[in-house]
Amino acid sequence: MTDTNALRVADLPQTAPTPFELVPGTEARAALAAELGLSALRKLRFSGRIRTSGKRDWLLEGHLGATVVQPCVVTLEPVTTRIETDVRRLFLARMPETEAPEVEMTEDDTTEPLGAWIDPAAVMAEALSLALPLYPRKDDAELGQAVYTEPGKAPMRDEDARPFAGLAGLRDALKKDE
C-alpha cells in the first residue's frame, strides 16, 4: 500500500523533472505533529522536483518550510520555531555493498535505496523530524539551582563542590601577608 502522494518510479518521465508541492491540511498536520511529539504544527509546505540522476537513479530536491511549536525544555511553555531547509535525497537503484555483516551508519542521510515508489510525503516527514530543535528553549528561560539537604543542615551549593575555588582565595590572602 502506498501514500496518495507517492509517485510510481516506472511512471516518472526520464526526460523532464517531475515537480511536486505538498501543503498538508489541518488533520494531516495534526497527525504529523502527534507522531513527532510536537505541541502544534502550524504551517507546512514541501515543494521540489524529482529527476533522473544517471541511468537508473533518481534525485529528489526540494525545500521544506514549517512552523512548529514545542514545549520549552526548562519551563514547558510553548516555543515556536520557523524551519526553512533544503532537502536532497538520492534514490539509488543499487546501494553500495559492504563486506562486514555489521555496518556502522554513515552520517550521509541523503541516499536511500530505490524502490518501486518515491514518496515525497515520507521524505517531508523525515526531513522535518531531522530539522526539529532537539532542546527548544524560550529566550528568557533559565535553569534554576536545585538545592537538596537534610533538615537542619546547610545545603551544599555548586560553589562548594569546586575544591580549587577556595585555593584562589587562600593564595590571595597569602600574597597580602607577604
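My aim in this report is to walk through the structure given alongside it, one point at a time. (Residues numbered from 1 in each chain as written. Predicted model: local features only at pLDDT ≥ 70, side-chain atom pairs only at ≥ 80, totals over all residues. Heavy atoms only, no water.)

### What about the layout of surface pockets?
Put simply, the test is: The way it works is a 1 Å grid over only the protein atoms, where trapped points that fit a 1.4 Å probe form a cavity and open points with protein on both sides within 12 Å along at least five of seven lines form a pocket, and then any residue with an atom within 4 Å of a point lines it. Grid points are joined across faces, edges and corners, and a volume is the space filled by probe spheres set on the points. Numbered from the N terminus, helices here are DSSP runs of H or I no shorter than four residues, and strands are runs of E no shorter than two. All residues other than Ala, Val, Leu, Ile, Met, Phe, Trp, Tyr, Cys, Pro, Asp, Glu, Lys and Arg, Gly among them, are scored as polar; the first ten of these are nonpolar and the last four charged.
Considering only enclosed or pocket space, the second largest pocket measures out at about 170 Å³ in volume. Lining the second largest pocket are 13 residues; nearest its centre among them are Pro-24, Ala-28, Leu-32, Ala-121 and Met-124. The set of elements that each furnish at least two residues to the lining of the second largest pocket consists of α1 (26-36) and α2 (120-131). In terms of residue count, the dominant contributor to the lining of the second largest pocket is α1 (five residues). The class makeup of the residues in the lining of the second largest pocket is ten nonpolar, one polar and two charged.

### Digging into the pattern of salt bridges
Rules: Any carboxyl oxygen of Asp or Glu within 4 Å of a side-chain nitrogen of Lys or Arg constitutes a salt bridge here. Here's how the labels work: a residue is buried when its accessible area is under 20% of the maximum for its type, exposed when over 50%, partly exposed in between, all with a 1.4 Å probe on protein chains only.
Following the criterion strictly, the structure yields eight salt bridges and no others. Notably, a salt bridge pairs Arg-8 with Asp-11, separated by 3.4 Å at the nearest N-O pair. Its relative accessible area of 56% is what places Asp-11 among the exposed residues. In this structure, Arg-89 and Glu-112 form a salt bridge, with 3.4 Å as the shortest nitrogen-oxygen distance. Within this pair, whereas Arg-89 is found in strand β5 (residues 78-92), its partner Glu-112 is found in strand β6 (residues 111-113), the two being separated by 23 residues in sequence. Residue classification places Arg-89 among the buried positions, given a relative accessible area of 4%. Look at the salt bridges and you will find they share partners, linking Arg-49, Arg-51 and Glu-61 into a network.

### With respect to the nonpolar core
Stated formally: The criterion is simple. A nonpolar core is a set of buried Ala, Val, Leu, Ile, Met, Phe, Trp, Tyr and Cys residues joined through side-chain atoms within 4.5 Å. Whether two residues touch is decided by their heavy atoms; if any such pair falls within 4.5 Å, the residues are in contact.
Residues Leu-41, Phe-46 and Leu-128 are the most contacted members of the largest nonpolar core, which totals 27 residues. Beyond its immediate stretch of four places on either side in the chain, Leu-41 contacts Arg-29, Leu-32, Ala-33, Ala-66, Thr-67, Val-68 and Leu-128.

### Digging into unusual backbone geometry
Of note in the backbone geometry, Leu-76 takes a positive phi value of approximately 70 degrees without being a glycine. By the secondary structure assignment, Leu-76 is in the loop between β4 (57-71) and β5.

### As for the pairing of strand β2 (residues 18-22)
To be explicit about the condition: The pairing criterion for strands is at least two bridges between them, as found by DSSP.
Only one face of β2 is covered, namely the one carrying Thr-18, Phe-20 and Leu-22; the face carrying Pro-19 and Glu-21 has none of its residues buried. Bridge analysis of β2 against strand β3 (residues 40-53) gives five bridges, and the strand direction is antiparallel. Paired with Phe-20 across the bridge in β3 is Gly-48.

### Some words on a nonpolar patch on the surface
Defined as follows: Only residues whose relative accessible area exceeds 30% and that take part in no salt bridge are eligible for patches, with like-charged residues grouped when within 9 Å of each other and nonpolar side chains (Val, Leu, Ile, Met, Phe, Trp, Tyr) grouped when within 5 Å. Each accessible area is a Shrake-Rupley result for a 1.4 Å probe, and residues are judged covered by the shown protein chains and nothing else.
Together, Val-73, Leu-134 and Tyr-135 give the surface a local cluster of nonpolar side chains, amounting to about 400 Å² of exposed area. Turning to its location among the elements, Tyr-135 is positioned in the loop between α2 and α3 (165-177).

### A word on α2
To keep it simple, the criterion reads: Each residue after the first adds 1.5 Å to the expected span of a helix.
With twelve residues, α2 should cover 16 Å at 1.5 Å per step; its first-to-last C-alpha distance of 16 Å lies within 8% of that length. Three or more residues of α2 are buried, namely Pro-120, Ala-121, Val-123, Met-124, Ala-125, Ala-127 and Leu-128.

### Concerning the packing of aromatic side chains
The description of two aromatic rings rests on the distance between their centres and on the angle between their planes. The criterion, for reference: Ring pairs shown here join Phe, Tyr and Trp side chains whose ring centres sit within 6.5 Å, with only the six-membered ring taken for Trp; geometry is labelled stacked below 30 degrees between planes, edge-to-face above 60, and tilted in between.
Applying the stated criterion across every chain, the model contains one aromatic pair. Considering the side-chain rings of Phe-20 and Phe-46, the 5.1 Å spacing of their centres and the 55 degrees angle between planes classify their relative orientation as tilted. Of the two residues, Phe-20 is situated in strand β2 and Phe-46 in strand β3; the sequence distance between them amounts to 26 residues. Given the relative accessible area of 11%, Phe-20 is considered buried.

### Quick look at the sheet that holds β4
As a reminder of what qualifies: The angle between two axes is taken between their N-to-C directions and runs from 0 to 180 degrees, where each axis is a line fitted to C-alpha atoms and a helix contributes only its stretch in contact.
Taken in spatial order, the five strands line up as β2-β3-β4-β5-β6 in an open sheet, and their pairing is mixed. Pairing within the sheet leaves two strands with one partner each, and these edge strands are β2 and β6. With strand direction ignored, the average angle separating the axes of adjacent strands in the sheet is 20 degrees. Summarising the sheet, β4 and β5 pair through 14 bridges and their orientation is antiparallel. The residue of β5 that forms the bridge with Ala-66 is Ile-83. Where α2 meets the sheet, it contacts β2, β3, β4, β5 and β6, and its direction lies at approximately 130 degrees from that of β5.

Without other data, these values stay purely geometric and don't point to any function.
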